[in-house]
Amino acid sequence: MLNQIKGLHHVTSMASDARRNNEFFTRKLGLRRVKKTVNFDAPDVYHLYYADEFGTPGSVMTYFPFPDIGKGRHGVGEVGTTVFSVPEGTLGYWEKRFADEGVSGVARSTSFGEKRLTFTGPDGDSFALVEDRADTRAPWVKGGVPGDEAIRGFHSVALRLKDGGATEELLKFMGYEEVDKSGSVRRLAIKNGNGADVVDIESLPGAGFANLGAGSVHHVAFAVEDRAKQLEVRKALVDTGYGVTPVIDRDYFWAIYFRTPGGVLFEVSTNEPGFNRDEDTAHLGEALKLPTQHQHLRPYLEQHLQKLED
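Bear in mind the structure is a predicted one, so any value in this text is a computation, not a measurement. (Residues numbered from 1 in each chain as written. Predicted model: local features only at pLDDT ≥ 70, side-chain atom pairs only at ≥ 80, totals over all residues. Heavy atoms only, no water.)

A.B. asks: What is the right way to read the overall build of the protein from this model?
C.D. replies: Helices and strands together make up the secondary structure of the protein, namely five helices and 16 strands. Relative to a compact globule of 310 residues, whose C-alpha radius of gyration would be 19 Å, the protein shows 18 Å and is just as compact. For the C-alpha atoms alone, the extent of the protein along its principal axes is close to 50 × 45 × 35 Å. Burial status across the protein gives 55% buried among its 310 residues. Excluding contacts between residues fewer than 6 apart, the proportion of contacts in the protein whose partners are at least 24 apart in sequence is 67%. (Helix = DSSP H or I, 4+ residues; strand = E, 2+ residues; numbered from the N terminus. Rg over C-alpha atoms; globule rule 2.2 N^0.38 Å. Buried < 20%, exposed > 50% of the residue type's maximum accessible area, 1.4 Å probe, protein only. Contact = heavy atoms within 4.5 Å.)

A.B. asks: Whenever I open this one, the nonpolar core confuses me. Can you help?
C.D. replies: Across soluble globular proteins, nonpolar side chains have a tendency to be buried as a group. In terms of nonpolar packing, the biggest core is built from 62 residues, with Leu29, Leu129, Phe222 and Phe266 touching the most fellow members. Non-local contacts of Leu29, meaning those with residues more than four positions away in its chain, are made with Phe24, Phe84, Trp94, Phe98, Phe119, Val145 and Ile151. By size, the runner-up hydrophobic cluster in this structure holds 11 residues, among which are Val34, Val60, Leu265 and Phe275. (Core = buried A, V, L, I, M, F, W, Y, C linked by side-chain atoms within 4.5 Å.)

A.B. asks: Would you take a moment to explain the UniProt feature "domain: VOC" (unreviewed entry) in the protein for this structure?
C.D. replies: Under the local residue numbering, the UniProt record ascribes the feature "domain: VOC" (unreviewed entry) to residues 7–132 and 153–271. Between the end C-alpha atoms of residues 7–132 there is a gap of 16 Å, over a span that is 17% helix and 45% strand. For residues 153–271, helix accounts for 19% and strand for 44%, while the C-alpha atoms at its two ends are 15 Å apart. (UniProt positions renumbered as here; feature names shortened; annotations may be inferred.)

A.B. asks: Can you walk me through the sheet that holds strand β6 (residues 104–111) in this structure?
C.D. replies: Remark on secondary structure: sheet strands pair via backbone hydrogen bonds, oriented parallel or antiparallel. Pairing within the open sheet is mixed, and its eight strands lie in the order β6-β7-β8-β5-β9-β12-β11-β10. Because the sheet does not close on itself, it has two edges, and the strands there are β6 and β10 (176–182). Strand-to-strand twist in this sheet, taken as the mean axis angle between neighbours without regard to direction, amounts to 25°. Helix-sheet contacts for helix α2 (residues 91–101) involve β5 (78–86), β6, β7 (114–120) and β8 (126–131), and the interaxial angle to β7 is about 15°. (Pairing = 2+ DSSP bridges. Axes fitted to C-alpha atoms, helices over the stretch in contact; angles between N-to-C directions.)

A.B. asks: Is there a simple way to think about the sheet that holds strand β4 (residues 60–65) in this case?
C.D. replies: Taken in spatial order, the eight strands make up an open sheet running β2-β3-β4-β1-β13-β16-β15-β14, and their pairing is mixed. For this open sheet the edge positions go to β2 (32–38) and β14 (248–249), each flanked by a neighbour on one side alone. Bridge analysis of strand β13 (residues 217–224) against strand β16 (residues 265–273) gives five bridges, and the strand direction is parallel. Looking at β16, one finds that Ala223 is bridged to Ser269.

A.B. asks: Help me understand helix α3 (residues 165–173) in this model?
C.D. replies: Quick reminder: α-helices carry 3.6 residues per turn. Residues three or four places apart thus point the same way. Residues Thr167, Glu168, Leu170 and Leu171 constitute the buried set of α3. Seen end-on, α3 carries its buried residues on one side only, within an arc spanning 160°. Positive backbone phi, at 110°, marks Gly175, one or two positions downstream of α3. (Arc of directions from axis to C-beta.)

A.B. asks: Quick question: what am I supposed to make of the side chain of Arg137 here?
C.D. replies: Here Arg137 shows up in the loop between β8 and β9 (153–161). Look at Arg137 and you get buried, because its relative accessible area is 17%. Leaving out residues up to four positions away in the same chain, Arg137 has contacts with Gly58, Ser85, Arg152, Gly153, Phe154, Asn194, Gly195 and Ala196.

A.B. asks: Can you help me understand the packing of aromatic side chains in this one?
C.D. replies: The description of an aromatic ring pair rests on the distance of the ring centres and on the angle between the ring planes. Tallied over the entire structure, the rule returns 20 aromatic pairs. A centroid spacing of 6.5 Å and a plane angle of 70° characterise the contact between Phe64 and Phe66, whose relative ring orientation is edge-to-face. An aromatic cluster is built from Phe24, Phe25, Tyr50, Tyr63, Phe84, Tyr93, Trp94, Phe98, Phe119, Phe127 and Phe154, whose rings are joined through pairwise contacts. Cation over ring: Lys162 sits above Phe209, and NZ or CZ is 5.3 Å from the ring centre. Its end group placed over the ring of Trp254, Arg227 keeps NZ or CZ at 4.4 Å from the ring centre. (Phe/Tyr/Trp six-rings, centres within 6.5 Å; stacked < 30°, edge-to-face > 60°. Lys NZ or Arg CZ within 6 Å of the ring centre and 35° of its normal.)

A.B. asks: Help me understand the pattern of salt bridges in this model?
C.D. replies: It is possible for side chains of opposite charge to pair when their charged atoms get near one another. A full pass over the atoms with the stated rule returns 20 salt bridges. Residue Glu177 pairs with Lys191 through a salt bridge whose shortest N-O separation is 3.9 Å. Placement of Glu177 in strand β10 and of Lys191 in the loop between β11 (185–190) and β12 (198–203) is noted, with a sequence separation of 14 residues between them. Through salt bridges with shared partners, a single network forms among Glu168, Glu169, Lys172, Glu178 and Arg186. (Salt bridge = Lys/Arg side-chain N within 4 Å of Asp/Glu carboxyl O.)

A.B. asks: Explain empty space enclosed by the protein here, please?
C.D. replies: Sizing a probe to match a water molecule and rolling it over the atoms shows the empty space that remains. Applying the stated rule across the entire model yields one cavity of 30 Å³ or more. Of the volumes computed, that of the largest cavity is approximately 60 Å³. If you trace the largest cavity, you find 15 residues lining it, with Gly80, Asp125, Ser126, Gly215 and Val217 closest to the centre. No other element matches the five residues that β5 contributes to the lining of the largest cavity. (1 Å grid on protein atoms, 1.4 Å probe; cavity = no way out; pocket = protein on both sides within 12 Å on 5 of 7 lines; lining within 4 Å. Points joined across faces, edges and corners; volume = space filled by probe spheres on them.)

Given below as structure tokens:
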């Protein structure tokens, strides 16, 4: 069993409109945009990052907003719900805020003894807030949400799979332990993690497969401290039979990718070097940052990428 993984690092999803996506996360959810860059493989498409003040691993929601992309179809083989952590007693605040901001799909529920508020994003993305009294992570407090109510980071992701057994075994190999179960859902958690410690697996053998599009999660990334730990994880996964990519430089972290038995794309990302490698912390996410190989496209991209704010 591995011991290098410290919880979630980031979750990356697809969107259909960059401006609407930016407005949803920075205004409605009160997160900070910590990076405005472009997709490495499609530089005419933004890669937007939203998080806490620093872009701390375990708090980072990222998006590829492809203009005119088709809507995703939810099903098995995907991350079904991305869940954020908020302080105890704050769901009433968020209900009112979501009503005022026109957020759809808002409903209260309880899961594993935790109070939660489900809601949908602008492309039908499935989200939830969970009250977590034990979460001591510091929030971003300049996004219009008071610090006592603000999002702390991720609580968990929920995977929807035809058969969760093999993916559950993979997560246990990665250092997770089963801590609870409820009906068809098994809850796994990492000990001594970064706060974003939980993965839920729901087995739905009769459901249809998901189809990637706007509102879909593209991949979920797990955090390791540095490149040495990442190489240890990569070797262990390869030795176990997984097809893992070489290490890829993503400017703000190094990444490796592999496909899980249930079909979900996993990434293992380093906490280094972080989002302040090319911007001062006070000004994260303000300027358009381009990967070195795309710097020559700056005049074109600055003219043609959608403006995110007035």
